[in-house]
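Spelled out from the first residue to the last, the chains are:
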Amino acid sequence: MGLENNGFSFFYFGALFCLTLFCFVALRIYMIRHRYNDRSGEERAIALILKTRMAKGEIDEKEYHMLKDLLTD
C-alpha cells in the first residue's frame, strides 16, 4: 500500500513538472517570435524614414544604403 501511495504522489509531481515545462517552452517561443516581429517593424520604420529623406533629397542612394546597413545591424 505504501508503494501505491508513493507512485500516486509521483504522478502529480510528474504532471506538474510537464505542465511547467510546457508553459516555459510556450512562453519562450512567444518571446522569441515577438522579439523578431518587433525587430522587423523597426527595420521597416528605418527604411521608411531613410526613403523619405532620400525622396526629399537630403541623402543620396549611397548614403541610404550605408545608413540602412549601419542602423539595421
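Above this text you will find the structure in question.
Now for a description of the structure that goes with this document. (Residues numbered from 1 in each chain as written. Predicted model: local features only at pLDDT ≥ 70, side-chain atom pairs only at ≥ 80, totals over all residues. Heavy atoms only, no water.)

### Focus on the overall build of the protein chain
How we decide: Secondary structure counts use DSSP, requiring at least four H or I residues in a row for a helix and at least two E residues in a row for a strand, with both numbered from the N terminus. Residue burial is assigned from relative accessible area. The probe radius is 1.4 Å, only protein chains are included, and a residue is buried under 20% of its type maximum, exposed over 50%, and partly exposed in between. For accessible areas, the Shrake-Rupley method is used with a probe of radius 1.4 Å. Any residue's cover is judged against the shown protein chains and nothing else.
Along the backbone of the protein chain there are 2 helices and 0 strands. A buried classification covers 7% of the 73 residues belonging to the protein chain. If you sum the accessible surface of the protein chain, you get close to 6700 Å²; carbon and sulfur atoms cover 66% of it.

### Notes on the pattern of salt bridges
Note the following rule: Here a salt bridge means any side-chain nitrogen of Lys or Arg lying within 4 Å of a carboxyl oxygen belonging to Asp or Glu.
Within the structure shown, the criterion is met by 1 salt bridge. In this structure, the salt-bridge partner of glutamate 58 is arginine 53, at a minimum N-O distance of 3.0 Å.

### Remarks on a nonpolar patch on the surface
Applicable threshold: Only residues whose relative accessible area exceeds 30% and that form no salt bridge are eligible for patches; like-charged ones are grouped when within 9 Å, while nonpolar side chains (Val, Leu, Ile, Met, Phe, Trp, Tyr) are grouped when within 5 Å.
Residues Phe10, Phe13, Phe17, Leu21, Phe24, Val25 and Ile29 make up a contiguous nonpolar surface patch of about 750 Å² in total accessible area. If you trace the backbone, valine 25 turns up in helix H1 (residues 2–56). Its relative accessible area of 40% is what places valine 25 among the partly exposed residues.

### Remarks on the environment of histidine 65
Within the secondary structure, histidine 65 sits in helix H2 (residues 61–72). For histidine 65, a relative accessible area of 40% translates into the label partly exposed. Measuring from C-alpha to C-alpha, the distance between histidine 65 and leucine 50 comes to 8.9 Å, with 15 residues separating the pair along the chain.

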